[in-house]
Amino acid sequence: MSITEPINLLGLSATELTDLVGQWGGKPFRAKQLQRWVHQRGADSFDDMTDLAREFRSQLAEHCSIQVPPVSIEQRSTDGTRKWLFDVGKNNAIEAVFIPEDDRGTLCISSQAGCTVACPFCSTGYQGFNRNLTTAEIIGQLWHARRVLQADLQSARTGADAQAAPEPTRVISNVVMMGMGEPLLNYDQVLGALRLMLDDNAYGLSRRRVTVSTSGVVPMMDRLGRDCPVALAVSLHAPNDALRDRLVPLNRKHPLAELLAACNRYLEHAPRDFITFEYIMLDGVNDTDQHARELITIAQQVRCKFNLIPFNPFPQSGLKRSPAARVRLFAQRLMDAGIVTTVRKTRGDDIAAACGQLAGDVKDRTRINQRLPDRAIIEIKQERG
Ligand code: SAH
Ligand code: SF4
């Protein structure tokens, strides 16, 4: 007897689902119904899919599953930020973070366990590379976060705090691929997940509200522009090749001139008419007036906006966050040159909600609770020791 793995429906494209259902004699609209049950309604049991024929449901139950990686930790920050740590096996963890704001709710998700690019300011980079995530594992982060947030919304509506719950802050309107990993080095699986995010029968997000962040994988930026143009953020972090070679080692392969040319090619397809340049503010490393002047020259070559990111320090990096006054001045220099510039608010500081931080900590579980101020954390679930 051969035992085959159930097919995880979470990772299937609309076409793959139609083909699967077709093999059992089902019409394409059945596949659409099934896709809506899985992604829109967040069903995890075929028994719940009451408008599907009983026979179809039992075929599904026999051959398929709806499976997300188990959540090992869920945390809530005092500012409403939420973070989930998923166990993806072999002692690897990945994370997703939900950031509520007045006018939107943004989910930040991961694309790889670890990362090969090894930027010295990034704790994901310090972990080395473990493996690429599958489409099911990438979209599973959105599936899970939406279910949890919707359940909360439901209970707030029926519960005593109905008035206190501001609805928009509970809903995921934007997804950013700014968690762990380099999305464009896991292109095929990320592409599958992006297409599901945009699919009206799955998550129905607007292209303008789905952002891929890349350290500058030039050939894949071109492919993304052709295959599935979504909003693009480029992690610039340095205004010249000498410094960028150190801060974003991938620059040695795809230097700035090549990267900027790729940004301009991308803009021909992009749903927004600018690229967001992310620029991490590192004290004494990339934050001087001279750096700002060089950046202004770069900004004249690409339609762009700048997002300055206060560095989230971690012990091994040996780097420091630029003082707030320096960040303000740097932003002012760029704005004086007519460049739209924002400074990222630090959110969820009390739960280390920056790129790769908790997954880094969790390998050292014994001390995690001493390092994070527990008055600010509600640790909801810790299934594994
Ligand atoms: N690999 C992609 C996407 C994931 S990193 C990329 O590099 O763009 C997402 C963002 O988090 C990047 O802009 C990255 O520079 C930033 N980041 C990484 N480590 C950080 C830290 N310690 N503090 C603040 N931002 C960090
Ligand atoms: Fe990888 Fe992005 Fe971290 Fe650099 S910043 S190591 S590219 S995840």
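Quick note: structure is the one above.
Summarised in this report is the structure supplied together with it. (Residues numbered from 1 in each chain as written. Chains lettered and ligands numbered in written order. Predicted model: local features only at pLDDT ≥ 70, side-chain atom pairs only at ≥ 80, totals over all residues. Heavy atoms only, no water.)

From N to C terminus, the chain includes 13 helices and 14 strands. Burial status across the chain gives 54% buried among its 385 residues. The contacts of the chain with a sequence gap of at least 6 include a subset with a gap of at least 24, amounting to 66%. Of the roughly 17,600 Å² of accessible surface on the chain, a fraction of 49% belongs to carbon and sulfur atoms. (Helix = DSSP H or I, 4+ residues; strand = E, 2+ residues; numbered from the N terminus. Buried < 20%, exposed > 50% of the residue type's maximum accessible area, 1.4 Å probe, protein only. Contact = heavy atoms within 4.5 Å. Areas by Shrake-Rupley, 256 points an atom, 1.4 Å probe, with all protein chains shown as cover.)

This paragraph deals with the packing of helix α2 (residues 28-40) against helix α5 (residues 135-158). Here α2 crosses α5 at 70°, and the two axes come no closer than 9 Å. Taken together, the axes of α2 and α5 lie roughly perpendicular to each other. Residue-level inspection shows Val-38, His-39 and Gln-40 of α2 in contact with α5, the latter providing Ile-139, Trp-143 and Arg-146. Looking at the contact of α2 with α5 residue by residue, the classes come out as three nonpolar, two polar and one charged. (Axes fitted to C-alpha atoms, helices over the stretch in contact; angles between N-to-C directions. Parallel < 35°, antiparallel > 145°, perpendicular 65-115°, else oblique. Nonpolar A, V, L, I, M, F, W, Y, C, P; charged D, E, K, R; others polar.)

Taken together, 19 residues lie near ligand 1, and Gly-181, Ser-213, Ser-235, His-237 and Asn-312 sit nearest. Between a nitrogen atom of ligand 1 and a side-chain N or O atom of Glu-182, the distance comes to 3.3 Å. Ser-235 places a polar side-chain atom, nitrogen or oxygen, 2.6 Å from an oxygen atom of ligand 1. Starting from 540 Å² of accessible surface for ligand 1 in isolation, the protein chains cover 95%. Looking at the shell around ligand 1, the elements that each hand over two or more residues are β10 (210-214), β12 (275-281) and β13 (304-310). Counted by class, the shell around ligand 1 contains nine nonpolar, eight polar and two charged residues. (Near = heavy atom within 4 Å. Polar contact = N/O pair within 3.5 Å; in protein donor to acceptor, adjacent residues only side chain to side chain.)

It is worth spelling out the packing of α5 against helix α6 (residues 187-198) at this point. Running from N to C, α5 and α6 point in directions that differ by 40°, and their axes come no closer than 8 Å. By crossing handedness, the relation of α5 to α6 is classed as right-handed. Where α5 abuts α6, its residues Thr-135, Ile-138, Ile-139 and Leu-142 lie against Asp-188, Gln-189, Val-190, Gly-192, Ala-193, Leu-196 and Met-197. Its residues assigned to classes, the contact of α5 with α6 comprises seven nonpolar, three polar and one charged. (Left-handed = near helix turned anticlockwise from the far one by under 90°.)

In this section: helix α9 (residues 256-267). In this model, α9 (12 residues) spans 16 Å end to end at C-alpha, consistent with the 16 Å of a helix rising 1.5 Å per residue. For α9, the full list of buried residues reads Leu-256, Leu-259, Leu-260, Ala-262, Cys-263, Tyr-266 and Leu-267. Buried residues of α9, seen end-on, are gathered within an arc of 160° and therefore sit on one face of the element. Turning to α9, the residues buried within the fold contact α7 (218-227), β11 (231-235), α8 (241-247), β12 and α10 (289-299). (Expected span 1.5 Å × (residues − 1). Arc of directions from axis to C-beta.)

What follows concerns the packing of aromatic side chains. Evaluated as defined, the whole model comprises five aromatic pairs. The interplanar angle of 80° and the centroid separation of 5.3 Å between the aromatic rings of Tyr-126 and Phe-314 together place this pair among those described as edge-to-face. Residue Tyr-126 is located in helix α4 (residues 123-126), and its partner Phe-314 is located in the loop between β13 and α11 (324-336); the two are separated by 188 residues in the primary sequence. When its relative accessible area of 11% is taken as the criterion, Phe-314 is described as buried. Their ring planes at 20° and their centres at 5.5 Å tell us that Tyr-279 and Phe-330 sit as a pair that is stacked. Linking Tyr-279 in strand β12 with Phe-330 in helix α11, this pair joins segments that are 51 residues apart in sequence. The class for Phe-330 is buried, based on a relative accessible area of 0%. For Arg-41, the ring lying beneath its charged end belongs to Trp-37, and the centroid distance is 3.8 Å. Positioned above the aromatic ring of Phe-274 is the side chain of Lys-305, whose terminal nitrogen or guanidinium carbon lies 4.1 Å from the ring centre. (Phe/Tyr/Trp six-rings, centres within 6.5 Å; stacked < 30°, edge-to-face > 60°. Lys NZ or Arg CZ within 6 Å of the ring centre and 35° of its normal.)

Surrounding ligand 2, one finds Cys-115, Val-117, Ala-118, Cys-119, Phe-121, Cys-122, Gly-125, Gly-181 and Ser-215. The class makeup of the residues in the shell around ligand 2 is six nonpolar, three polar and no charged.

What follows concerns the pairing of strand β4 (residues 82-87). Successive residues of a regular strand alternate their side chains across the two faces of the sheet. Extensive coverage of β4 is indicated by the burial of six of its six residues. Here β4 shows no split at all, with Arg-82, Trp-84 and Phe-86 on one side and Lys-83, Leu-85 and Asp-87 on the other all buried. Remark: five residues form the turn of the hairpin made by strand β3 (residues 71-76) and β4, two consecutive strands paired antiparallel; Gly-80 in that turn has positive phi of roughly 95°. Bridge count for β4 against strand β5 (residues 93-100) is six bridges, and the pairing is antiparallel. Looking across to β5, one finds that Lys-83 is bridged to Val-97. Here β4 folds back onto β5 in antiparallel fashion, the turn holding five residues, of which Gly-89 has a positive phi close to 90°. (Pairing = 2+ DSSP bridges.)

Counting residues in each nonpolar core, the largest one holds 106 residues, and the members touching the most others are Leu-9, Leu-34, Met-197, Leu-224, Phe-277 and Phe-306. Counting residues domain by domain, this core receives three or more from each of domain 1 (7-65) and domain 2 (71-384). (Core = buried A, V, L, I, M, F, W, Y, C linked by side-chain atoms within 4.5 Å. Domains from an automatic or database assignment.)

Right, let's talk about the pattern of salt bridges for a bit. Considering all chains together, one arrives at 14 salt bridges under this definition. Two residues, Lys-345 and Glu-101, come together in a salt bridge whose shortest N-O distance is 3.7 Å. On the criterion of sequence distance, the pair formed by Lys-345 in the loop between β14 (341-343) and α12 (357-362) and Glu-101 in the loop between β5 and β6 (105-108) is long-range, its members being 244 residues apart. Relative accessible area serves as the criterion here: at 56%, Lys-345 is assigned to the exposed category. A salt bridge links Arg-223 to Asp-227; its shortest N-O distance comes to 4.0 Å. With Arg-223 and Asp-227 both in helix α7, this residue pair falls four residues apart, about one helical turn. Taking relative accessible area as the criterion, Arg-223 reaches 31% and is therefore assigned partly exposed. Judged by its relative accessible area of 31%, Asp-227 falls in the partly exposed class. A network of salt bridges, in which partner residues are shared, links Glu-101, Asp-103, Arg-104 and Lys-345. (Salt bridge = Lys/Arg side-chain N within 4 Å of Asp/Glu carboxyl O.)

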